[in-house]
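Examining the three-dimensional arrangement
If you want the building blocks of each chain, they are given just below.
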Amino acid sequence: MNHNNLDDQMILSHLGDDYEKYLGAVVPPVFMTSLHVFKTAEDYFAFDATNEGEFLYGRTGNPTAQIVEKKVAALERGGKALLFSSGMAATTTVISHVCQAGSHVICSRNAYGPVKAYLDNYCIPKLKMTVTYVGTELAEFESSIRPETALIMLESPSTFVFSITNLRAVACLAQKHGIKTYIDNTFCTPLFQKPIELGIDFVMHTASKYLGGHSDLIGGVLVGKEAAEIDTISQSIREWHGGVIGPMEAWLIIRGMRTLDVRLHRHQATAMTVASYLEKHPKVRQVYYPGLPSHPEYELMASQQSGNTGLLSFELDASLEESVRFLNQLQLFKIGCSWGGFESLALMPLYSMSPEGLQLVGANRNLIRIHCGLEGEANLLADLDRALMQI
Ligand SMILES: *Cc1c(COP(=O)(O)O)cnc(C)c1O
């Protein structure tokens with residue numbers, strides 16, 4: 001099959017499936033192997049990990065993982081992609097690759113909690129790095145730049161209050177100053193936002209969420225604008241830190257991705273219905289969902305995203321205790337911290353956050369975050385309606 005100019009659905013369904021190579025199997029095999037052997041010593045000496053289809057040892061690459069890497073790189077219009085054992089392994093690898101002792105990082109204040117914890121509790125004390133947390137205003141990014149700023153870390157939309165950063169503007173500013181840019185694109189997936197096309201250097205997805213989509217694996221993927229830079233990471237930090245994915249998990253991601261497009265449109269449609277329902281409900285004070293035209297950054301969102309997915313937050317017009325009671329009243333929405341799978345989930349993710357943390361995020365402890373799964377929307381609405389009646 002000619003793999004040039006494949007559209008996203010064809011990439012998800014077929015890119016990397018070399019039927020002839022795999023005895024005509026419609027599904028490629030799980031290469032459950034830790035090493036590959038060579039015909040001659042000369043072949044071994046000539047091994048080059050940057051050549052597609054050359055494999056040596058499981059920590060440097062695996063054929064099943066490479067299928068996922070090809071698919072995600074193509075979807076993101078990036079140079080190359082690399083799989084990791086988790087999203088966090090991918091993120092900490094980018095920081096280690098781009099930064100050095102004393103580097104300064106500018107990070108979205110609504111970034112994923114463990115990323116901020118890694119910067120605060122590891123990079124700052126152990127590597128003598130400095131970090132400035134910023135909101136979404138371009139002026140804030142601009143005034144935070146220092147001579148030693150090495151990396152700008154974004155998450156847009158963020159996953160508690162769904163704030164949107166202008167990716168084109170930040171990428172342009174960073175390029176002017178020779179600063180690398182990184183985004184956690186997990187919420188949108190490569191289907192609904194393509195940050196490399198907007199000028200961003202590195203895109204990270206945790207495959208544990210929508211790419212896998214079935215809540216049965218942990219994995220991460222990093223895409224780079226420049227293939228050569230991803231090759232460098234593959235042969236340095238990833239190989240040294242060793243956070244590679246197992247072949248079975250890689251295979252599960254391939255399987256999950258085949259249905260990504262249909263799943264996402266269903267998640268989006270349900271979340272829009274649920275968000276609109278909550279927005280009109282008298283017991284709901286505020287809804288955070290970037291797909292709602294009432295979202296303060298709706299136009300910016302629409303200029304850089306082609307869709308929104310199943311995650312949203314809201315605050316009840318109720319006390320903290322009543323909000324907890326509401327959570328316990330839900331039956332179909334299970335209490336759980338992840339998202340992106342087939343199942344609906346609910347959580348108060350900020351309940352245990354410190355006052356400083358809450359101020360940084362700009363939300364209250366009683367914020368309720370729900371993930372709208374693939375169940376019928378009538379069932380989800382009935383569950384919410386019944387629980388709202390109890391408070
Ligand atoms: C879950 C999550 C991560 C971390 O991914 P892991 O695969 O669990 O390491 C990063 N970013 C966001 C937005 C997430 O929701």
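Remember, it's a predicted structure, so these values are computed and weren't measured experimentally.

Secondary structure summary: the chain contains 16 helices and twelve strands in total. For 391 residues, the compact-globule formula gives about 21 Å, and the C-alpha radius of gyration of the chain, at 21 Å, lands near that figure. Based on the C-alpha atoms only, the size of the chain along its principal axes is roughly 75 × 50 × 35 Å. Across the 391 residues that make up the chain, the buried fraction comes to 55%. Long-range contacts, defined as pairs at least 24 residues apart, comprise 72% of the intrachain contacts of the chain with a sequence gap of at least 6. Split by element, the accessible area of the chain, about 16,500 Å² in all, is 54% carbon and sulfur.

Taken across its five residues, strand β7 (residues 220–224) has five buried, putting it largely inside the fold. Covered by surrounding structure in β7 are Gly220, Leu222 and Gly224 together with Val221 and Val223, the residues of both alternating faces. Two strands pair when backbone bridges link them, and strand β1 (residues 80–84) and β7 are joined in this way by five bridges, in the antiparallel orientation. The partner of Lys80 across the bridge, within β7, is Gly224.

One pass over the full model with this rule turns up 15 salt bridges. Residue Lys180 is joined to Glu229 by a salt bridge in which the shortest nitrogen-to-oxygen separation is 3.1 Å. Of the two residues, Lys180 sits in strand β5 (residues 180–184) while Glu229 sits in helix α9 (residues 227–235), which places them 49 residues apart along the sequence. For Lys180, a relative accessible area of 26% corresponds to the partly exposed category. Look at Glu229 and you get buried, because its relative accessible area is 17%.

Running from N to C, helix α4 (residues 87–98) and helix α5 (residues 113–127) point in directions that differ by 45 degrees, and their axes come no closer than 11 Å. Considered as vectors, α4 and α5 are oriented oblique to each other. Between α4 and α5 lies a crossing of right-handed hand. Contact residues: α4 offers Met88, Thr91, Thr92, Ile95 and Ser96, while α5 offers Pro114, Val115, Tyr118, Leu119 and Cys123. Split by residue class, the contact of α4 with α5 holds seven nonpolar, three polar and no charged.

A few words now on the nonpolar core. Grouped together as the largest cluster of nonpolar side chains are 88 residues, with contacts concentrated most on Leu278, Leu312, Phe314, Phe326 and Ile370. Per-element accounting of this core gives the leading share, seven residues, to helix α12 (residues 260–280). Listed in part, the 27 residues of the second largest apolar core include Cys107, Val115, Met204 and Leu222.

A word on the packing of aromatic side chains. Under the defined criterion, the tally for this structure stands at eight aromatic pairs. Seen from their ring centres, Phe38 and Tyr44 are 5.3 Å apart, and the 90 degrees between their planes marks the pair as edge-to-face. Each residue in the set Phe38, Tyr44, Phe45 and Phe47 is aromatic and connected to the rest through ring pairs, giving one cluster. The positively charged end of Arg238 is found above the aromatic ring belonging to Phe84, 5.9 Å away from the centroid. It is Arg365 that lies over the ring of Tyr351; its NZ or CZ is 4.7 Å from the centre.

What follows covers the site of the ligand. Every residue lining the ligand is accounted for by Ser86, Gly87, Met88, Tyr112, Glu155, Thr159, Asp184, Thr206, Ser208, Lys209, Gly219 and Trp339. For the ligand, an oxygen atom lies 2.6 Å from a polar atom in the side chain of Lys209. Trp339 places a side-chain nitrogen or oxygen 3.1 Å from an oxygen atom of the ligand. For the ligand, whose accessible area on its own is 380 Å², the fraction buried by protein is 91%.

Ordered in space as β8-β9-β12-β11-β10, the five strands form an open sheet in which the pairing is mixed. Edge positions in the sheet fall to β8 (284–288) and β10 (334–335), since each of these pairs with one other strand and no more. Across three bridges, strand β11 (residues 345–347) lies against strand β12 (residues 368–371) in antiparallel orientation. Across the sheet, Ala346 pairs through a bridge with Ile370, a residue of β12. Lying on the sheet, α12 is in contact with β8, β9 (311–316) and β12; it crosses β9 at an angle near 10 degrees.

This part covers the domain arrangement of the chain. Taken as a whole, the chain is organised into domain 1 (3–99 + 143–153 + 167–257) and domain 2 (260–388). The straight-line distance from the C-alpha centre of domain 1 to that of domain 2 is 30 Å. If you sort the residues of domain 1 by the area they bury against domain 2, Phe187, Phe192 and Tyr210 come out on top, with a joint share of 43%. The interface formed by domain 1 and domain 2 holds zero salt bridges in total.

Across the sheet, which stays open at both edges, the seven strands sit in the order β1-β7-β6-β5-β4-β2-β3 with mixed pairing between neighbours. Edge positions in the sheet fall to β1 and β3 (130–134), since each has one partner strand and no second. The average angle at which neighbouring strand axes cross in this sheet is 20 degrees, direction not considered. Sheet analysis places strand β6 (residues 202–206) next to β7, joined by five bridges and oriented antiparallel. Opposite Val203, over in β7, you have Val223 as the bridge partner.

Cut-off values and rules
Residues numbered from 1 in each chain as written. Predicted model: local features only at pLDDT ≥ 70, side-chain atom pairs only at ≥ 80, totals over all residues. Heavy atoms only, no water. Helix = DSSP H or I, 4+ residues; strand = E, 2+ residues; numbered from the N terminus. Rg over C-alpha atoms; globule rule 2.2 N^0.38 Å. Buried < 20%, exposed > 50% of the residue type's maximum accessible area, 1.4 Å probe, protein only. Contact = heavy atoms within 4.5 Å. Areas by Shrake-Rupley, 256 points an atom, 1.4 Å probe, with all protein chains shown as cover. Pairing = 2+ DSSP bridges. Salt bridge = Lys/Arg side-chain N within 4 Å of Asp/Glu carboxyl O. Axes fitted to C-alpha atoms, helices over the stretch in contact; angles between N-to-C directions. Parallel < 35°, antiparallel > 145°, perpendicular 65-115°, else oblique. Left-handed = near helix turned anticlockwise from the far one by under 90°. Nonpolar A, V, L, I, M, F, W, Y, C, P; charged D, E, K, R; others polar. Core = buried A, V, L, I, M, F, W, Y, C linked by side-chain atoms within 4.5 Å. Phe/Tyr/Trp six-rings, centres within 6.5 Å; stacked < 30°, edge-to-face > 60°. Lys NZ or Arg CZ within 6 Å of the ring centre and 35° of its normal. Near = heavy atom within 4 Å. Polar contact = N/O pair within 3.5 Å; in protein donor to acceptor, adjacent residues only side chain to side chain. Domains from an automatic or database assignment. Buried area = accessible area lost by both parts, 1.4 Å probe.

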